[in-house]
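Given next are the chains, with one letter for each unit.
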Amino acid sequence: MASRGRCPSLNRLLFVAKHASLQSRLCALHSRAQYSTVYNPNEKTFDKILVANRGEIACRVHVKMADEAICVGPAPTNKSYLNMDAIMEAIRSTGAQAVHPGYGFLSENKEFAKRLSKLIAKAAKVNTIPGFDGVVKTAEDAVKIAQSIGYPVMIKASAGGGGKGMRIAWNDDETRDGFRFSSQEAASSFGDDRLLIEKYIDNPRHIEIQVLADKHGNALWLNERECSIQRRNQKVVEEAPSTFLDPQTRKAMGEQAVQLAKAVKYSSAGTVEFLVDSSKNFYFLEMNTRLQVEHPITECITGLDLVEQMIRVAKGFQLQHKQQDIPINGWAIESRVYAEDPYKSFGLPSIGRLSQYQEPLDLSNASVRVDSGIQEGSDISIYYDPMISKLVTYGATRAEALAKMEDALDNYVIRGVTHNIPLLREIITHPRFISGDISTSFLVSCSPVEDSSWQLCVELEKTLHDVSVSKSGNKYTVLVNGENVEVNGDWNLASPLLPLTINNTPRMLQCLSRAASGEMFLQFLGTSFKLRVLTKLAAQLNSYMPEKVPEDTTSILRSPMPGTVIAVSVKVGDTVAEGQEICVIEAMKMQNSLTAARQAKVKSVHCKSGETVGEGDLLVELE
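Residues numbered from 1 in each chain as written. Predicted model: local features only at pLDDT ≥ 70, side-chain atom pairs only at ≥ 80, totals over all residues. Heavy atoms only, no water.

A. Structural context of the sheet that holds strand 34 (residues 581-587). With antiparallel pairing, four strands are arranged side by side in an open sheet as 35-34-32-37. Each of the sheet's edge strands pairs with one partner strand only, and the pair in question is strand 35 (590-595) and strand 37 (612-613). Summarising the sheet, strand 32 (residues 563-568) and strand 37 pair through two bridges and their orientation is antiparallel. Residue pairing in the sheet places glycine 563 in a bridge with valine 613 of strand 37. (Pairing = 2+ DSSP bridges. Helix = DSSP H or I, 4+ residues; strand = E, 2+ residues; numbered from the N terminus.)

So this is what it looks like as structure tokens:
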């Protein structure tokens, strides 16, 4: 594998490296090494290691082109990277002495690495979130458990992470829906549909501690990573260290993380994740017994090559460092570059071929690292995570690291797919992010570019209305037709339900659909309204545009994203009610229920379970 990870085809392949060099790419591309690990030529290494993964992490584990590549099946993960028989045959056929699973796939499979339960954490005297320690069997059991814990609750897969199989429920109905979709996603992602339920801590920070332990009873904590910038429970921007932790809290969290690692006799690099509230109380979330996606920022501030350390530990060597040797040198920030539209349904995947691709590695005097497994001409498919790369910048201070990240994002060239670089740039330049005032709800509660007032035109039933909107906190004052309307609430348009208080009266709106053009369908007091929100300038220019005959979206159902049809709930001749589920589409391991926009009879069905569909494909027609 080339040092930039230029593999001819990463899909469905495993890689085998013989006598591989363990030195990975540096955090900063300078002549001097960033890692403090001392290479000992007398330490016997593995002759052959199987890298049971694809993409950038396969390239990260071994820098040089692999000596062998083994196809383990077709693209769907349950037929390839989660196919245990195929993996074991690859190990036997290559004679590999060790397996590095990377992250995802086997690293989160119960047969390769058992997830640590809250019971073990409690026994190790680690702070835990109140919840149900057993496995939830049915939707009604889930409702009873949620009621006993108290809403809101988090429903999540017991066998995996990465935001898959995870739902927040605020009432009984949401608990039933959450149980259904979380169990299906968990089964699809991890081969295990078991679920856990615990108290949901509103508006917390997500901070994790990197641990490293050997087979001789030694364990270290390698400081923290701030991972609060998330969407759909998946991390978007991470940094190390955190702006929030003081030395005392950092030490307490680190010591509890090491206690947990020692309690289960863990040996390797692992991560103990915590939720931290505004008073710096911290609660155990989960332990990931694998290499994390965001491990490069820990490498940058500590000087330790975590992949090398994992291989040394697997070979049986003792750790080379003591706790007092672990520094915090400078600041590192990681941006996850995804092939997705970040402004469409809060991040819908984008597929296609990279027609042009240039990483920002030639910036003068810039400490920039890009971990990727693609190249110009690579395809982004529906079968795997849409992450293109991990962009890491390092500086002596946080301000320096942020400035380098801003420059690197501006110099990153990606053509052929929609990507999230505009969102990443808006995040790192947002005043709240710069000040460190963040939480896991940052992207939901705070638009990256936040105005306090707007002059708009709203088109309703072919009539334009001038609307002035001003915002103070969660309160909006709307001036329309000479009247002031006060609207309070904390919502985002990615959610189907919009709980609001309008002139002191609680109301529930539903966002039935919305488009980038500003057009949306809202349901209010039982009635569906089509409206279009424009700036004053856009409204003026719009008068010169020819009017397009709109498609009757109430009579047809098109796929809003590329994915796989998991279930079709209707057949020709059925009568469906407004809001009734018609089919379920799975994209990037997330399941999405598609519903009827109105009551009607099913005219035709153009899809079936198991089929792959593209964005905009016709699924069902109604009369």
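B. The arrangement of the packing of aromatic side chains in detail. Within this structure, the stated rule accounts for four aromatic pairs. Considering the side-chain rings of tryptophan 170 and tyrosine 200, the 6.2 Å spacing of their centres and the 75° angle between planes classify their relative orientation as edge-to-face. Residue tryptophan 170 is found in the loop between strand 7 (166-169) and helix 5 (172-190), and its partner tyrosine 200 is found in the loop between strand 8 (195-199) and strand 9 (205-213); the two are separated by 30 residues along the sequence. Of the residues examined, tryptophan 170 reaches a relative accessible area of 46% and is grouped as partly exposed. (Phe/Tyr/Trp six-rings, centres within 6.5 Å; stacked < 30°, edge-to-face > 60°. Buried < 20%, exposed > 50% of the residue type's maximum accessible area, 1.4 Å probe, protein only.)

C. Region of the structure containing the packing of helix 4 (residues 139-149) against helix 5. The N-to-C vectors of helix 4 and helix 5 enclose an angle of 135°; their axes lie 9 Å apart at closest approach. The angle between helix 4 and helix 5 places the two elements in the oblique class. For the pair helix 4 and helix 5, the sense of crossing is right-handed. Listed contacts from helix 5 to Ala139, Glu140, Ala142, Val143, Ala146 and Gln147 of helix 4 are Asp172, Thr175, Arg176 and Phe179. Looking at the contact of helix 4 with helix 5, its residues break down into five nonpolar, two polar and three charged. (Axes fitted to C-alpha atoms, helices over the stretch in contact; angles between N-to-C directions. Parallel < 35°, antiparallel > 145°, perpendicular 65-115°, else oblique. Left-handed = near helix turned anticlockwise from the far one by under 90°. Contact = heavy atoms within 4.5 Å. Nonpolar A, V, L, I, M, F, W, Y, C, P; charged D, E, K, R; others polar.)

D. How the structure looks around the environment of valine 605. With respect to the helices and strands, valine 605 occurs in strand 36 (residues 600-605). The sequence separation of valine 605 and leucine 619 amounts to 14 residues, and the corresponding C-alpha distance is 6.2 Å. Every residue in contact with valine 605, bar those within four places of it in the chain, is listed here: Val568, Val570, Lys571, Val572, Leu619 and Val620.

E. Spotlight on the environment of arginine 194. Here arginine 194 lies in the loop between helix 5 and strand 8. When residues no more than four places from it in sequence are discounted, the contact partners of arginine 194 are Val135, Lys156, Ala157 and Ser158.

F. Region of interest: unusual backbone geometry. Across the junction of tyrosine 151 and proline 152, the peptide omega takes the value 0°, indicating a cis bond. Take proline 152: it is sitting in the loop between helix 4 and strand 6 (153-157). Going from alanine 240 to proline 241, the amide bond is cis rather than trans, its omega being 0°. Here proline 241 shows up in the loop between strand 11 (234-240) and helix 6 (247-263). With a phi close to 60°, lysine 125 is a non-glycine residue in the positive phi region. Tracing the sequence through the fold places lysine 125 in the loop between helix 3 (118-123) and strand 5 (131-136). In this structure, lysine 280 is a non-glycine residue whose phi angle is positive, near 70°.

G. Here's a closer look at the pattern of salt bridges. Under the criterion given, the structure shown has 31 salt bridges. The closest approach of N and O atoms between arginine 194 and aspartate 192, which form a salt bridge, is 2.9 Å. Looking at aspartate 192, the relative accessible area reads 3%, which means it is buried. The shortest N-O distance in the salt bridge between lysine 251 and glutamate 255 comes to 2.5 Å. Of the two residues, lysine 251 and glutamate 255 are both situated in helix 6; the distance of four residues between them amounts to about one turn of the helix. Judged by its relative accessible area of 43%, lysine 251 is partly exposed. Take glutamate 255: its relative accessible area is 34%, and that puts it in the partly exposed class. Ionic contacts of the salt-bridge type, sharing partners, join the residues Glu208, Arg225, Lys235, Glu238, Glu273, Glu294, Glu334 and Arg336 into one network. (Salt bridge = Lys/Arg side-chain N within 4 Å of Asp/Glu carboxyl O.)

Worth remembering: the numbers are spatial, not functional.
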